[in-house]
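Spelled out, the chains give:
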Protein chains: 2
Amino acid sequence: MEKLITVLGEIKALFNRSLSELSIDCVVFGFHDDQLKVLLLRTKGSDSWMLPGGWILKTENLEDAAYRILKERTGLDSIFLQQFQTFGANNRYNGKEIMARLGLPPEQNFFPERAVSVGYYALVEYSLVEPKTDFFTEECRWWDIGEIPELLFDHNDIASRALRALRKQFDHEALGFNLLSEKFTLIELQRLYETILGLEKDKLDRRNFQKKILSYGFLERLEERKTGGAHKAPYLYRVDPEKYAIYQRENEL
Amino acid sequence: MEKLITVLGEIKALFNRSLSELSIDCVVFGFHDDQLKVLLLRTKGSDSWMLPGGWILKTENLEDAAYRILKERTGLDSIFLQQFQTFGANNRYNGKEIMARLGLPPEQNFFPERAVSVGYYALVEYSLVEPKTDFFTEECRWWDIGEIPELLFDHNDIASRALRALRKQFDHEALGFNLLSEKFTLIELQRLYETILGLEKDKLDRRNFQKKILSYGFLERLEERKTGGAHKAPYLYRVDPEKYAIYQRENEL
DNA sequence: TTATCATTGTGTCACAATCACACAATGGTG
DNA sequence: CACCATTGTGTGATTGTGACACAATGATAA
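Residues numbered from 1 in each chain as written. Chains lettered and ligands numbered in written order. Predicted model: local features only at pLDDT ≥ 70, side-chain atom pairs only at ≥ 80, totals over all residues. Heavy atoms only, no water.

**Student:** I tried to follow the nonpolar core on my own but got confused; where do I start?
**Tutor:** Across soluble globular proteins, you tend to see nonpolar side chains buried next to one another. Among the nonpolar cores identified, the biggest contains 52 residues, and Leu 22, Ile 24, Val 28 and Tyr 120 of chain A together with Ile 24, Val 28 and Tyr 120 of chain B are the most heavily contacted of them. Every residue in contact with Tyr 120 of chain B, bar those within four places of it in the chain, is listed here: Ile 24, Asp 25, Cys 26, Val 27, Leu 62, Glu 63, Ala 66, Leu 81, Gln 82, Gln 83 and Phe 84 of chain B. (Core = buried A, V, L, I, M, F, W, Y, C linked by side-chain atoms within 4.5 Å. Buried < 20%, exposed > 50% of the residue type's maximum accessible area, 1.4 Å probe, protein only. Contact = heavy atoms within 4.5 Å.)

**Student:** Would you mind going over helix H2 (residues 62-74) of chain A with me for this structure?
**Tutor:** Working note: α-helix, 3.6 residues per turn, so residues spaced by three or four point in the same direction. With 13 residues, H2 of chain A extends 19 Å from end C-alpha to end C-alpha; this agrees with the ideal 18 Å at 1.5 Å per step. Three or more residues of H2 of chain A are buried, namely Leu 62, Ala 65, Ala 66, Ile 69, Leu 70, Arg 73 and Thr 74 of chain A. Here the buried residues of H2 of chain A occupy an arc of 145 degrees about the axis, which is enough to place them on one side. Residues of H2 of chain A that are buried make contact with strand E1 (18-32), strand E2 (35-43), strand E4 (53-57), strand E5 (80-87) and strand E6 (116-123) of chain A together with strand E5 (80-87) of chain B. (Helix = DSSP H or I, 4+ residues; strand = E, 2+ residues; numbered from the N terminus. Expected span 1.5 Å × (residues − 1). Arc of directions from axis to C-beta.)

**Student:** Hey, could you run me through the domain arrangement of chain A in this one?
**Tutor:** By convention, interface size is frequently given as the accessible area that disappears when the constituent parts associate. All names here are of chain A. Domain annotation of chain A identifies domain 1 (2-171) and domain 2 (183-251). In this structure, domain 1 and domain 2 have C-alpha centres spaced 32 Å apart. Counting from both sides, the interface comprises eight residues of domain 1 and, opposite them, eight residues of domain 2. Counting the surface lost from both domain 1 and domain 2, the interface buries some 780 Å², and carbon and sulfur atoms represent 74% of this. The largest per-residue losses of area from domain 1 upon contact with domain 2 belong to Phe 31, Arg 167 and Phe 170, which jointly make up 63% of the total buried on that side. Summed over the shared surface of domain 1 and domain 2, the result is zero salt bridges. Looking at the side of domain 1 that touches domain 2, the elements with two or more residues in it are E2 and helix H4 (155-171). Ranked by residues supplied to the side of domain 1 that touches domain 2, first place goes to H4 with four residues. (Domains from an automatic or database assignment. Buried area = accessible area lost by both parts, 1.4 Å probe. Salt bridge = Lys/Arg side-chain N within 4 Å of Asp/Glu carboxyl O.)

**Student:** Where do I start with the pairing of strand E2 (residues 35-43) of chain B in this structure?
**Tutor:** For a regular strand, side chains alternate in direction, first toward one face of the sheet and then toward the other. Residues and elements named next belong to chain B. Counting buried positions along E2 yields eight of nine residues, so the element is predominantly enclosed. By the bridge criterion, four bridges tie strand E1 (residues 18-32) to E2 in an arrangement that is antiparallel. Residue pairing in the sheet places Phe 31 in a bridge with Leu 36 of E2. Where E1 folds back onto E2 in an antiparallel hairpin, the turn is made up of two residues, including Asp 33, whose phi is positive at roughly 55 degrees. Examined bridge by bridge, E2 and strand E7 (residues 137-144) share seven bridges and lie antiparallel to one another. Its bridge partner being in E7, Leu 41 is matched across the sheet by Cys 140. When E2 meets strand E3 (residues 49-50), the two strands line up antiparallel, connected through two bridges. When the sheet's bridge partners are listed, Leu 41 is paired in E3 with Met 50. Connecting E2 to the next strand, E3, in antiparallel fashion are five residues, including Gly 45 with a positive phi near 60 degrees. (Pairing = 2+ DSSP bridges.)

**Student:** When you look at the packing of aromatic side chains in this model, what are you seeing that I'm missing?
**Tutor:** Geometry of an aromatic ring pair is reported as the spacing of the ring centres plus the angle between the planes. Applying the stated criterion across every chain, the model contains 46 aromatic pairs over all chains. Here Tyr 216 of chain B and Tyr 247 of chain B contribute two aromatic rings whose centre-to-centre distance is 5.0 Å and whose plane-to-plane angle is 40 degrees, an arrangement assigned as tilted. Of this pair, Tyr 216 of chain B sits in the loop between helix H6 (206-215) and strand E8 (219-225) while Tyr 247 of chain B sits in helix H7 (residues 241-251), and the two are 31 residues apart along the sequence. Residue Tyr 247 of chain B is classed as buried on the basis of its relative accessible area of 9%. Geometrically, the ring pair formed by Phe 218 of chain B and Tyr 244 of chain B is edge-to-face, given 4.7 Å between the ring centres and 65 degrees between the ring planes. Taken together, the residues span a long stretch of sequence, with Phe 218 of chain B in the loop between H6 and E8 and Tyr 244 of chain B in helix H7 at a distance of 26 residues. By the burial criterion, Phe 218 of chain B is buried, and Tyr 244 of chain B matches it. Its end group placed over the ring of Trp 143 of chain A, Arg 141 of chain A keeps NZ or CZ at 4.1 Å from the ring centre. Residue placement shows Lys 44 of chain B over the ring face of Phe 135 of chain B; its charged tip is 4.9 Å from the ring centre. (Phe/Tyr/Trp six-rings, centres within 6.5 Å; stacked < 30°, edge-to-face > 60°. Lys NZ or Arg CZ within 6 Å of the ring centre and 35° of its normal.)

Listed below in structure tokens is the structure:
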């Protein structure tokens, strides 16, 4: 009982330092074993999963809040982050429901009746992430994009909109290198594209894909080759940051 | 003085029925005389212009609020509306500043210190709009996109982001028919595209443009021709709603 | 040590999309 | 009724994309 009071106190304190009617939800994408993954959290003492999210401090820029939240969950500092949509259905959220989910007394609800959420998606390097739980949750782990369970609130909707926005962006801009390690082979990049665009393996023609990507001119072929696998060792590539910036500028607007 | 108290009371009443930390700002585009226009409002007793906007009622869906705000300003019911970005810089807005702008005593400020705003852009038929002022403003009129004055808050930023989002969408999807009257000539459509994309007149090749647009298959050529102008009378076209819906579905995702 | 074989690296051809361009028909204007 | 800016239409050139084949490589297994 005493513990419950402490918990309530801490949440209230956090809450008083934040904007109350507004939250941020993040869809964090990772890539592993040729599969697209999303980072999810399980709330304490329940089977309910949700997207990582949080509140915006009263003095904090919206985008800074998103970066902070991501850093708290993944340990990562520099992350590819994109705001994609704001969700404001009047029934998407319910203060009392949150209290109940957290095992707190609903009649003591101090959350607002209503909250709007700004959706961000992030692209991170799977192997660098150390999933961390927060105050409300006891498990944080990757889920395959095809096996996402039923989530709290409208988080299933947010996740699927994020994927759609991601695909749209992939369709007309070369990106996603944040999902791979610094050095990668072209076939790894191709698998990434096929996975994100929802295509089957080798749907993209290997030769045409490589020609196209290389024609952008921002990939640098290293002397090094990727060894270890069977068969001929492929070259490793990396993104040349300066040339990539030029490409992005030319591709803007 | 008595009037001031009444004003304050009315604003407070409206405000109490709304979410306080969140607002909506709309960039309403119209097309007239081969120029792209934006609807702006001038606040009472000042030279300060701003975008039409408003608050979200506590029980109201975000999108419904945007439609309501637009209807209040333009008189129009069915409008092409698109959420494009949410603006949350911590210094973008200041409650006391609003009070001062409205000629109200800043020390009685009841607006929050901070507010985040969801940006929508709208495409409307210029000739159908009857600009209406609201409680805070005494003038509402169209401005040429190239002559937008300095606006309150971060509204210049919002407006230019809206234009950028609009151009991006135009780049890979046929739309914008909402900006023309129901029946239009292909050259009018071409001027619209050139204006929105920021191209000079006749930059697009007339023949290729018409071929491309018609190849989408949702424009219907009418028997009617547009008379009145000098020279040969061009055919009028209109959008076939069913075929347009098919085109949009095929073009999705 | 060497044959095997899945995989890598590269070039060419066919087709589709886009671009550049010309000329006859039209219908107010003077 | 001659004029002329504008409309309606078609064709060849250029570019971009998609389909496809073959020699080189290097770990694996005989």
